[in-house]
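# Remarks on the overall topology
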Amino acid sequence: MTTVAIFKWAMNPHDERVFNGVAKWAAERPDVGDDDHAVVATALSAANGGEVVGLTTNPAGDLSFAAARGADRTVAIDSVPIEADALTIATVLAHAIEKIGDVDCVCIGDASWEPCVAGVLAGLLGWPVIMEVDEVRRSDDEFVVVRRSGVGTQEIAVSGPVVLDVAARREEETKPGMRVVLAARKKPQETFSFDELNGSERTFEIEGYHDPEAVVSNVYDGTEDVDGAVAQLVAAIRAEGVI
């Protein structure tokens, strides 16, 4: 089976400038995300010796990012518009993953630049998605995923295929040296066409819907101390992992 590590797929909003009412980006191509190094590391762990393919929507420049960190080959999607929305990005990624074939795990960064893409991608593929992933290991025919949950972590066992939304806890400590990067550039690279991947439409059939189960939480205990009430509210929100 193949594991896909998605990198350089989102535009950096900090590079965006507006000229005469038109948004433009200094780089005009997707940038390396804060989570991309952790995405590749997680994909390698999930693959457990199997093939890892780096997938990017930035065919310009150096494609060695994932390969220099252990990926076996790289696939780039050409000519993705810089103004593409989350649905368009997720659609071409989903078609590329299907074209790569035999994929049972997709790792993508928990990017604040385009936070909807991981969930939309999983929906298009028809796979479950696990958010805020710290690490993963393959155990027999399933993945054991460690994710953040409130102030702690939890382990989830899931059978593939699955999308893992990876959130890096820290910056990359040791970047690949030039010798490693040069060697990575010799690994196989392939380019897919945006027009080809974005050409077919997807249809969905709704089987039903229901309201989610909800439990009311009493955060304020009735104290007349306003500061105390605020402290209780903040503590409860942090316990739920919201902040």
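The structure presented is a predicted model; accordingly, all values stated were derived computationally and were not measured. (Residues numbered from 1 in each chain as written. Predicted model: local features only at pLDDT ≥ 70, side-chain atom pairs only at ≥ 80, totals over all residues. Heavy atoms only, no water.)

Before going further, it helps to examine the overall build of the protein chain. In terms of regular secondary structure, the protein chain is built from 6 helices and 11 strands. With the C-alpha coordinates of the protein chain rotated into their principal frame, the extents come out at 65 × 55 × 45 Å. Counting all 243 residues of the protein chain, 39% fall into the buried class. As presented, the protein chain carries roughly 14,000 Å² of accessible surface, and 49% of it is formed by carbon and sulfur atoms. (Helix = DSSP H or I, 4+ residues; strand = E, 2+ residues; numbered from the N terminus. Buried < 20%, exposed > 50% of the residue type's maximum accessible area, 1.4 Å probe, protein only. Areas by Shrake-Rupley, 256 points an atom, 1.4 Å probe, with all protein chains shown as cover.)

We now examine the nonpolar core. Membership of the largest hydrophobic core comes to 35 residues, with the highest contact counts inside it found for Ile6, Leu55, Ile77, Leu93, Ile97, Val106 and Leu121. Of the residues forming this core, the biggest block, 9 residues, is contributed by helix α2 (residues 86-100). With residues up to four places along the chain from it excluded, the contact list for leucine 93 reads Ile6, Leu55, Thr57, Ile77, Ile108, Val117 and Leu121. In terms of nonpolar packing, the next biggest core, distinct from the first, is built from 23 residues, Ala66, Ile130, Val158 and Leu164 among them. (Core = buried A, V, L, I, M, F, W, Y, C linked by side-chain atoms within 4.5 Å. Contact = heavy atoms within 4.5 Å.)

This brings us to the sheet that holds strand β10 (residues 162-166). With mixed pairing, 9 strands are arranged side by side in an open sheet as β9-β8-β7-β10-β6-β1-β4-β5-β11. Every other strand in the sheet has two partners, leaving β9 (152-159) and β11 (189-193) as the edge strands with one partner each. Taking the axes of each pair of neighbouring strands and ignoring which way they run, one obtains an average angle of 30° across the sheet. Inspection of the sheet shows strand β1 (residues 2-6) paired to strand β4 (residues 51-56) by 5 bridges, in the parallel sense. Across the sheet, the residue bridging to valine 4 is valine 53, located in β4. Contacts from α2 reach β1, β4, β5 (73-78), β6 (103-109) and β11, with the element oriented near 140° to β5. Contacts from helix α3 (residues 117-125) reach β1, β6, β7 (129-139) and β10, with the element oriented near 175° to β10. (Pairing = 2+ DSSP bridges. Axes fitted to C-alpha atoms, helices over the stretch in contact; angles between N-to-C directions.)

Take the packing of aromatic side chains next. Evaluation of the coordinates by the stated rule reveals 1 aromatic pair. The ring of phenylalanine 65 carries the charged tip of arginine 69 above its face, separated from the ring centre by 3.8 Å. The ring of phenylalanine 192 has lysine 99 lying over it, and the distance from NZ or CZ to the ring centre is 4.3 Å. (Phe/Tyr/Trp six-rings, centres within 6.5 Å; stacked < 30°, edge-to-face > 60°. Lys NZ or Arg CZ within 6 Å of the ring centre and 35° of its normal.)

Once that is clear, we can look at the pattern of salt bridges. Taken as a whole and assessed by the stated rule, the structure comprises 9 salt bridges. A salt bridge links glutamate 51 to arginine 73; the nearest nitrogen and oxygen atoms lie 2.7 Å apart. Pair noted here: glutamate 51 is in strand β4 and arginine 73 is in strand β5, with a separation of 22 residues, a long-range link. Residue arginine 148 is joined to aspartate 134 by a salt bridge in which the shortest nitrogen-to-oxygen separation is 3.2 Å. Placement of arginine 148 in strand β8 (residues 142-149) and of aspartate 134 in strand β7 is noted, with a sequence separation of 14 residues between them. Its relative accessible area of 23% is what places arginine 148 among the partly exposed residues. (Salt bridge = Lys/Arg side-chain N within 4 Å of Asp/Glu carboxyl O.)

The tally for this structure, following the rule as stated, stands at 0 disulfides. As a non-bridged cysteine, cysteine 105 has cysteine 107 as the owner of its nearest cysteine sulfur, 4.0 Å distant. Assessed through its relative accessible area of 0%, cysteine 105 is described here as buried. With a relative accessible area of 0%, cysteine 107 lands in the buried category. (Disulfide = S-S within 2.5 Å.)

Here the focus is the pairing of β10. Within β10, 5 of the 5 residues are buried, leaving the element largely enclosed by the surrounding structure. With 5 bridges connecting them, β6 and β10 associate as parallel partners. Each residue of the ladder has a partner; that of isoleucine 108, found in β10, is aspartate 165. For β7 and β10, the ladder comprises 3 bridges, and the chain directions are parallel. Bridged to isoleucine 130 within β10 is leucine 164.

A word on unusual backbone geometry. A positive phi angle, close to 50°, is found at asparagine 48, a residue other than glycine. You can see asparagine 48 is positioned in the loop between α1 (36-47) and β4. Non-glycine residue glutamate 132 carries a positive phi angle of around 55°. Relative to the helices and strands, glutamate 132 resides in strand β7. According to the relative accessible area criterion, glutamate 132 is partly exposed, its value standing at 29%.

Any functional reading would require information that these geometric values do not contain.
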